[in-house]
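What follows is the residue order along each chain.
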Amino acid sequence: MNTIIFRTIAPILVAIMVVFSVFVLLRGHNEPGGGFIGGLIAASAIAIYGIAAGVSEVRKALKIDPLAIAGFGLFISGFSGLMSLGAEAPFLTGLWTYFEIGNAKVDFSSVLIFDVGVYLVVLGTISAIALALEENEEGE
Amino acid sequence: MEFALAALVGLFFATSIYLLLSRAIIRMLLGIAILGNAVNLLIFTAGRLTREIPPIVPHGQKQLIEPFANPLPQALILTAIVIGFALFTFLLVLGYRAYQELDADDTDTMRIAEPERAPRPPLSY
Amino acid sequence: MGTNLVNEETLVLPKAMIEVATNAADWVIILPVVLALLGAAILLMLRSTLRGQSVFAIIVVMAIIFIDVLLLLKILEFGPQTMTMGKWLAPFGISFSVDVIGAAFALAGAVVTLVVLIYVQADIASREVKYGFYTLVLLMLAGVSGAFMTGDLFNLYVWFEVMLISSFGLIIMGGRKIQLDGAIKYGFLNFLATTFFLIALGYIYGLVGTLNMADIAIRAGDAPVGPISAIGALLLLAFGMKAAAFPVNAWLPASYHTPHPAVSALFGGLLTKVGVYALLRTLILILPSAREFLDPLITGLAVATLILAPLGALSQTNLRRAIGFFLIGGVGVVMAGLAMPTMRGVAGASIYVFHSMLSIAALYLLAGLIERMSGTDDTRKMGGIYNASSLMSILFLVMIFAIAGLPPFLGFWPKLLLIEAGASQGDVVLIVALVINSFITLIAGTRLWSHIFWRVGREGENSEQVNDRLEPLSLKDKWFGIAPTSILVIIVVWFGLFPNVVFDAGRTAAADLLFSERYIQSTGIDMDIENIDIENIDIEVKP
């Protein structure tokens, strides 16, 4: 599994997968994609990096405990639901606003924050599980 | 079409219940996995089958045009798959740990929590 | 624009979105669940910092209790409350519909959680904090509160699973062999129960085309009785398994005594009660015709549970397993109420659940202290604790009297209501079973008490031989162990002496369960429009 070809390709592959996962996350509102599938892609990128470079290397690169990432994701998801309190709307109501950047109109919404939260939860939990399993394998 | 799927659901249920009746934990786990698929297929069939018409609002329209596939069962199944997957993973790891620690894959020999020869309560004060 | 454009003027759509502003005060409906979730998220982020987690968790639970009280007061004054997520109208959005039993059970659950959180301060290891004990407890509270408050059947399934997965984490915390053994049985059976529930959900959706509880209650009346009864039977099996009613109760005495006593208390106080609550909610409010069809079966199961459970307790020498059987007996009492859907019967069942949440948790916590003092879980080797701690012996005896249903404790009143209900219906079998249950529970409980407390020494030695293996409780154990447990006991005694508040709440709860009008009205579903086409939803288009 841990051949030189794989080890050379892995960093490039991981970088592309992470960027792609963010792309999938952002196009998710009206087209196929979204936080869940984006998070899965990012987590598989991390799992690949773990196989190629070893778990301790990944933990060093991540800097934050994967489960803490998941906790942060859960927090901002819940918080995005609470934001509609200010708008006199029920829990989890989507709030929309627009920015003009140059000539482009950019949508920004509480739905997006929720989706980013889902992305982080999936990324955190799945990579925590993957890293724990890989650690087990290395130990044996 | 519904008949074929209903028969398949029945077959899945029969298989999973047969496996769940086993004493070996690994078979019970397989039974649980098949049971989850049976239920998901059941919900899918219960939402009525519509072929090849995805529930996507066409461009420029404000609502779906009849006929279209019912999207709700698919959302329910997606949720159920994710949750079922999480629980199944937990049970899998638990079964493995139990096999390592208790040295038992047979539920009949797992008697630590319920000792086989439990002492009788005293008959007097 | 497409060629096959629907002419918008000829299209009549039912209203799907809320157009009025939501009052900030309405947020008490959702806040208990949201606070618990956010609290769990923050604790997960701070997983590696050991200090301060306990204080933070206790503050969060106190805030939840405060909001639960506000919510309960509001419901008692204005009737059931509903909030539908994301500005949708029920049944299109997911609703949280809370009536008196939902709010009261959520409150009792939060109180039990608070007491347990204080109780564990005496002996929690830093390894367990790091493992995520507080996160799991808050997640479990979120799941339990969500299950009590949701107005959507599929959402109920999701909360069941939230609860289940955090309870998995709690039951194996510590990782002793006996816990693995218990967790296998607990895990498989509970997973199976929720899967049965999911099967029933699939059938309900196929039959009536909706999953909103109020909407099902409206439409199930027109549905054919046969399929509805089959669904009811599946729900009875699924929730009966969750609640540990006879004959699917075997997992409970096999697992509830294995984890830390505080975790046992949490499970005994919260988890089985959610199953019981779901039985009351689905079979009385949503599918009354199914309940009617299943009535003889429910009566039989209630009688069997009522009589067999305390007999199980009688034959146990393991203290916490014996308490597990008392817990099952309590489920039988609620099943008796389910078999008698009159005002008195349902009120009695609801009050009994409330009482059982508090008193079973208190019993498990006391059992934990007793095990710590005597260093064993065998009741025959415990003797002599009366000398070491007379306060504990009083607390334990009061709790035994309460669950057996002796006056003047809280457990007496719901049993009285149930016996009255049975008398007015001429249901002699249930009355006799209820009395036998109280009687055997009393025998089993007082026998435990006399062996643990009254006997001077251990079983099998001379009666004057003092038990020399008892270790007196440390000061820490006294403050963090006995004090919070006493709070639960005081609540049970207080409501037993002054039961009027509980009676009023129980009556309202029963009325809202039996006559669904107020509950359905609160969701805003128009009862006159019988056949809304569920597919005809006005899709929100992004501007």
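Residues numbered from 1 in each chain as written. Chains lettered and ligands numbered in written order. Predicted model: local features only at pLDDT ≥ 70, side-chain atom pairs only at ≥ 80, totals over all residues. Heavy atoms only, no water.

Asker: Help me understand the overall build of chain A in this model?
Answerer: In terms of regular secondary structure, chain A is built from 5 helices and 2 strands. Element order for chain A, N to C, with α for helix and β for strand: α-α-α-α-β-β-α. When each of the 140 residues of chain A is scored for burial, the buried share is 39%. Within chain A, contacts between residues separated by at least 24 positions form 65% of all contacts whose residues are at least 6 apart in sequence. Of the roughly 7,700 Å² that chain A leaves accessible, carbon and sulfur atoms contribute 70%. Side-chain charges in chain A split into 6 positive and 12 negative, and the spacing between the mean points of these groups amounts to 7 Å. (Helix = DSSP H or I, 4+ residues; strand = E, 2+ residues; numbered from the N terminus. Buried < 20%, exposed > 50% of the residue type's maximum accessible area, 1.4 Å probe, protein only. Contact = heavy atoms within 4.5 Å. Areas by Shrake-Rupley, 256 points an atom, 1.4 Å probe, with all protein chains shown as cover. Lys, Arg positive; Asp, Glu negative; His and termini not counted. Charge placed at Lys NZ, Arg CZ, Asp CG, Glu CD.)

Asker: Even after reading the chapter, I still don't get the confidence of the model for chain C, so can you show me in this structure?
Answerer: Should the pLDDT be low somewhere, the predicted coordinates at that spot are not to be read in detail. Residues and elements named next belong to chain C. On average, residues of chain C score 88 in pLDDT, and 94% of them are at 70 or above. Under a pLDDT of 50 for its full length, residues 1–10 has, in the predicted model, 9 contacts with residues more than four places off or in other chains. Across residues 529–543, where pLDDT falls below 50, the model places 30 contacts with residues more than four positions away in sequence or in other chains. (pLDDT = per-residue confidence, 0-100.)

Asker: It is not clear to me how the packing of aromatic side chains should be interpreted in this structure. Could you clarify?
Answerer: Centre-to-centre distance and the angle between the planes together describe a pair of aromatic rings. All chains considered together, the criterion is met by 28 aromatic pairs over all chains. Between phenylalanine 160 of chain C and phenylalanine 239 of chain C the ring centres are 5.7 Å apart and the planes differ by 15 degrees, which places this aromatic pair in the stacked class. Of the two residues, phenylalanine 160 of chain C is situated in helix H6 (residues 153–171) and phenylalanine 239 of chain C in helix H9 (residues 225–243); the sequence distance between them amounts to 79 residues. Phenylalanine 239 of chain C gets classed as buried once you look at its relative accessible area, which sits at 1%. A network of ring pairs unites the aromatic residues Phe90 of chain B together with Phe168, Tyr186, Trp251, Tyr256 and Phe267 of chain C as a single cluster. The ring centre of tyrosine 98 of chain A lies 4.8 Å from the NZ or CZ of lysine 105 of chain A, which sits over that ring. (Phe/Tyr/Trp six-rings, centres within 6.5 Å; stacked < 30°, edge-to-face > 60°. Lys NZ or Arg CZ within 6 Å of the ring centre and 35° of its normal.)

Asker: What am I meant to see in helix H2 (residues 53–78) of chain C here?
Answerer: For the α-helix, the turn length of 3.6 residues means that residues three or four positions removed from each other point alike. Over its 26 residues, H2 of chain C extends 37 Å from the first C-alpha to the last, a length consistent with the 38 Å expected when each residue adds 1.5 Å. Remark: glycine 79 of chain C follows H2 of chain C within two positions and exhibits a positive phi of approximately 90 degrees. (Expected span 1.5 Å × (residues − 1).)

Asker: Just to check I follow, could you spell out the pattern of salt bridges for this structure?
Answerer: Pairs can form between side chains of opposite charge whenever their charged atoms are close. Tallied over the full model, the rule gives 18 salt bridges over all chains. We note a salt bridge from arginine 59 of chain A to glutamate 135 of chain A, for which the minimum N-O separation is 3.3 Å. Of this pair, arginine 59 of chain A sits in helix H3 (residues 55–62) while glutamate 135 of chain A is found in helix H5 (residues 110–139), placing the two residues 76 residues apart along the sequence. Across the pair arginine 97 of chain B and glutamate 101 of chain B runs a salt bridge, and its minimum N-O distance is 3.8 Å. Taken as a pair, arginine 97 of chain B and glutamate 101 of chain B lie in helix H3 (residues 71–102) at a separation of 4 residues, close to a single helical turn. One salt-bridge network, held together by shared partners, links Glu114 of chain B together with Asp181, Lys185 and Arg321 of chain C. (Salt bridge = Lys/Arg side-chain N within 4 Å of Asp/Glu carboxyl O.)

Asker: So what exactly am I meant to see when it comes to H9 of chain C here?
Answerer: Taking 1.5 Å per residue as the helical rise, H9 of chain C with its 19 residues ought to reach 27 Å, and the 26 Å between its terminal C-alpha atoms agrees with that figure. Alanine 244 of chain C, located one to two residues past H9 of chain C, shows a positive phi value of around 65 degrees.

Asker: What is the right way to read the environment of aspartate 504 of chain C from this model?
Answerer: With respect to the helices and strands, the residue aspartate 504 of chain C is situated in helix H20 (residues 500–514). In sequence terms aspartate 504 of chain C and glycine 426 of chain C are 78 residues apart; their C-alpha atoms lie 25 Å from each other.

Asker: So what exactly am I meant to see when it comes to the packing of helix H12 (residues 288–314) of chain C against helix H18 (residues 428–454) of chain C here?
Answerer: To characterise two packed helices, one gives the angle between the axes of the helices and the distance between these axes. All names here are of chain C. The interhelical angle for the contact between H12 and H18, taken along N-to-C directions, is 15 degrees, at an axis separation of 8 Å. Between H12 and H18, the angle is such that the two are roughly parallel. Considering how the two elements wind past one another, H12 and H18 form a crossing that is left-handed. Contact with H12, carried on its side by Thr299, Ala302, Val303, Leu306, Ile307, Pro310, Leu311, Ala313 and Leu314, involves Val429, Leu430, Ala433, Leu434, Ile436, Asn437, Ile440, Thr441, Ile443, Ala444 and Arg447 of H18 and no other residues of that element. When the residues that make up the contact of H12 with H18 are grouped by side-chain class, the tally is 16 nonpolar, 3 polar and 1 charged. (Axes fitted to C-alpha atoms, helices over the stretch in contact; angles between N-to-C directions. Parallel < 35°, antiparallel > 145°, perpendicular 65-115°, else oblique. Left-handed = near helix turned anticlockwise from the far one by under 90°. Nonpolar A, V, L, I, M, F, W, Y, C, P; charged D, E, K, R; others polar.)

Asker: Is there a simple way to explain the packing of helix H1 (residues 4–26) of chain A against helix H2 (residues 35–53) of chain A in this structure?
Answerer: Residues and elements named next belong to chain A. Where H1 contacts H2, the two axes come as close as 8 Å, and the packing angle between them is 165 degrees. Comparing the axis directions of H1 and H2 gives the class roughly antiparallel. Regarding H1 and H2, the two cross each other, and that crossing is left-handed. Where H1 abuts H2, its residues Phe6, Arg7, Ala10, Leu13, Val14, Met17, Val18, Phe20, Ser21, Val24 and Leu25 lie against Gly35, Ile37, Gly38, Ile41, Ala42, Ser44, Ala45, Ile48, Tyr49, Ile51 and Ala52.

Asker: Could you clarify how one ought to interpret the nonpolar core in this entry?
Answerer: Counting 233 residues, the largest nonpolar core has Phe197, Phe267, Met392 and Phe396 of chain C as its most contacted members. Considering each element in turn, this core owes the most residues, 20 residues, to helix H14 (residues 343–374) of chain C. Setting aside chain neighbours within four positions, we find phenylalanine 396 of chain C in contact with Leu319, Leu363, Leu366, Ile370, Trp449, Ile452 and Phe453 of chain C. In terms of nonpolar packing, the next biggest core, distinct from the first, is built from 12 residues, Leu25, Ala42, Ala43 and Val58 of chain A among them. (Core = buried A, V, L, I, M, F, W, Y, C linked by side-chain atoms within 4.5 Å.)

Asker: Whenever I open this one, the environment of leucine 31 of chain C confuses me. Can you help?
Answerer: Among the structural elements, leucine 31 of chain C can be located in helix H1 (residues 31–45). Its relative accessible area of 22% is what places leucine 31 of chain C among the partly exposed residues. Spatially, the C-alpha atom of leucine 31 of chain C lies 34 Å from that of isoleucine 184 of chain C, the residues being 153 residues apart in sequence. Filtering out sequence-adjacent residues up to four positions away, leucine 31 of chain C remains in contact with Leu82 of chain A together with Ile67 of chain C.

Asker: Before we go on, may I ask you to explain the pairing of strand E2 (residues 104–109) of chain A in this structure?
Answerer: Strand residues, when the strand is regular, have side chains that alternate between the two faces of the sheet. All names here are of chain A. Two strands pair when backbone bridges link them, and strand E1 (residues 96–101) and E2 are joined in this way by 6 bridges, in the antiparallel orientation. Pairing of threonine 97 across the sheet is with phenylalanine 108, part of E2. Once E1 ends, the chain turns through 2 residues before running back antiparallel as E2, passing glycine 102 with a positive phi of about 65 degrees. (Pairing = 2+ DSSP bridges.)

Asker: Any chance you could explain a nonpolar patch on the surface here in plain terms?
Answerer: Taken together, Phe36, Ile37 and Leu40 of chain A together with Leu78 and Val82 of chain B make up a surface patch of nonpolar side chains, about 390 Å² in accessible area. For the nonpolar patch, the secondary-structure elements that each account for two or more residues are H2 of chain A together with H3 of chain B. A total of 3 residues in the nonpolar patch trace back to one element, the largest contributor, which is H2 of chain A. Along the chain, isoleucine 37 of chain A turns up in helix H2. Its relative accessible area of 39% is what places isoleucine 37 of chain A among the partly exposed residues. (Patch = residues over 30% accessible without salt bridge, like charges linked within 9 Å, V, L, I, M, F, W, Y side chains within 5 Å.)

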